[in-house]
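Residues per chain are reported as follows:
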Amino acid sequence: MFKKLKEIKDVLLGGEIVVADTSGYPSKEDFYIDDSIQSQSSGDVFDVLSLCQNKEIKCLDCGHVRLIDVMPRICPVGNTADFAIVQAARVSYGDGTKTVNEDRGLIRYLMRHSHTTPFEMVEFKFHCKMPIFVSRQWIRHRTSSVNEYSGRYSIMKDNFYYPEIQDIRKQSMHNKQGSEDFMSSTCAEEFLNNLNEICQTAYNYYEKNIENGMTREQARMILPVNLYTEWYWKIDLHNLFHFLALRCDSHAQKEIRVFADAILELITPIVPVAVEAWNDYHPMRQALKLTSLEIDVIKSSLHGKKVENLKTLNSREKQEWIQKAERLGLEVK
Ligand SMILES: Cc1cc2nc3c(=O)[nH]c(=O)nc-3n(C[C@H](O)[C@H](O)[C@H](O)COP(=O)(O)OP(=O)(O)OC[C@H]3O[C@@H](n4cnc5c(N)ncnc54)[C@H](O)[C@@H]3O)c2cc1C
């Protein structure tokens with residue numbers, strides 16, 4: 001059964017939920033707490049957002065990512081929001097498999113085996129401000145909910161992204177979609193002057209047309225894509241990991257990478273165990289995916305060689321390594 005928060009106020013940390021920034025939040029009385037959450041611990045609960053010391057990270061010259069909310073918001077004391085992943089996963093296993101159900105081990109098992117739905121039980125809501133050309137890459141991630149500033153409803157602000165002079169990059173010679181090295185300071189300065197001139201001219205025309213009575217939805221056509229926009233963005237942890245894998249990666253454009261890195265920094269204290277597992281096991285993080293062709297090459301060059309067992313106490317993970325080693329034609333000592 002659910003209880004109104006005020007009815008269990010005596011079991012909350014210091015009698016109060018720790019809320020860092022209450023603007024826009026529902027009142028404390030609007031939270032409901034599930035009995036099963038409390039039954040996992042002494043019964044004391046806390047606001048999991050309080051684990052995140054700094055809820056806003058500045059990105060580029062005028063952008064930001066702010067962590068607004070998280071589900072679960074209320075956590076048993078001694079846990080992090082990781083507990084919601086374990087709580088959901090245990091439904092699958094029932095009572096019979098207590099040994100794999102040590103929380104960290106279970107989360108790592110789920111991550112290794114792509115049992116993804118328990119990770120969807122955690123959700124994050126962010127307020128993000130980014131240049132339009134960054135938002136166009138970001139919006140391609142369809143498995144999220146977005147509500148964006150409306151240039152039909154409101155005047156677009158005179159707020160353009162100007163890169164740092166030392167961050168104006170050359171076209172990569174190896175990757176047609178990438179950059180490498182930096183432009184000379186003379187070229188970079190010239191580019192910034194051009195950019196500034198065009199943005200200010202465009203914005204002046206935008207304002208003038210609005211003053212002349214033109215509709216905002218058409219007047220905005222004149223504005224360049226380095227104009228800042230902003231949105232609320234809600235996504236579950238499974239899909240956020242997918243976003244982060246692609247957008248924290250070195251192949252992503254730097255201007256979106258800084259936002260992805262900021263998001264990763266904001267969520268890490270809230271779901272540290274899941275983030276650790278993702279870093280360890282995701283092939284775009286610290287793990288490695290081998291193709292069958294690569295396995296064949298390794299097999300043919302290493303056949304018969306003995307290799308060490310994994311340096312982990314997790315017997316299930318060791319067994320998995322033995323199976324992989326066998327596929328590689330290796331023998332585990
Ligand atoms: C380095 C880089 C370069 C890129 N270059 C280009 C480019 O040149 N041109 C371009 O257009 N895009 C480009 N993209 C965008 C890319 O193709 C994806 O659209 C984007 O990364 C979102 O990925 P996603 O579809 O997996 O994510 P999400 O939309 O979040 O979807 C997550 C997963 O859900 C499933 N899914 C969601 N919707 C559907 C659906 N409708 N049908 C089937 N399955 C679905 C898929 O399994 C998908 O992987 C680039 C992305 C990166 C990271």
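To be clear, the structure that these remarks concern was listed above.
Quick look at the structure, then. Owing to the predicted nature of the structure, the values given are computational and were not obtained by experimental measurement. (Residues numbered from 1 in each chain as written. Predicted model: local features only at pLDDT ≥ 70, side-chain atom pairs only at ≥ 80, totals over all residues.)

**Points about unusual backbone geometry**
Part 1: Omega for the bond connecting methionine 71 with proline 72 falls within 30 degrees of zero, at 0°, which places this linkage in the cis form.
Part 2: Although it is not a glycine, serine 114 adopts a positive phi angle of roughly 55°.
Part 3: A positive phi angle, close to 60°, is found at aspartate 181, a residue other than glycine.
Part 4: Position of aspartate 181 among the secondary structure elements: in strand E10 (residues 179–182). (Helix = DSSP H or I, 4+ residues; strand = E, 2+ residues; numbered from the N terminus.)

**A closer look at the environment of alanine 274**
Part 1: On the secondary structure map, alanine 274 appears in helix H9 (residues 272–281).
Part 2: A count of 29 C-beta atoms within 10 Å places alanine 274 in the buried class.
Part 3: Distance from alanine 274 to arginine 104, taken between C-alpha atoms, is 8.3 Å for residues 170 residues apart in sequence.
Part 4: Filtering out sequence-adjacent residues up to four positions away, alanine 274 remains in contact with Asp82, Ile85, Ile107, Phe119 and Leu237. (Buried ≥ 20, exposed ≤ 12 C-beta atoms within 10 Å, placed from the backbone. Contact = placed C-beta atoms within 7 Å.)

**Points about the site of the ligand**
Part 1: Lining the immediate surroundings of the ligand are Arg140, His141, Arg142, Thr143, Gln177, Asn239, His242, Leu246, His251 and Ala252.
Part 2: In the shell around the ligand, the residues fall into 2 nonpolar, 6 polar and 2 charged. (Near = placed C-beta within 6 Å. Nonpolar A, V, L, I, M, F, W, Y, C, P; charged D, E, K, R; others polar.)

**Some remarks on the nonpolar core**
Part 1: Ala81, Ile107, Phe259, Ile263, Val271 and Ala274 are the most contacted members of the largest nonpolar core, which has 57 residues in total.
Part 2: Looking at which element gives the most residues to this core, the answer is helix H8 (residues 254–267), with 8 residues.
Part 3: The contacts of isoleucine 263, once residues within four sequence positions are left out, are Val65, Phe126 and Leu244. (Core = buried A, V, L, I, M, F, W, Y, C linked by C-beta atoms within 7 Å.)

**Observations concerning H9**
Part 1: Listed in full, the buried residues belonging to H9 are Val273, Ala274, Val275, Ala277 and Trp278.
Part 2: Packing partners of the buried residues in H9 comprise helix H2 (82–93), helix H3 (103–112), helix H7 (237–247) and H8.

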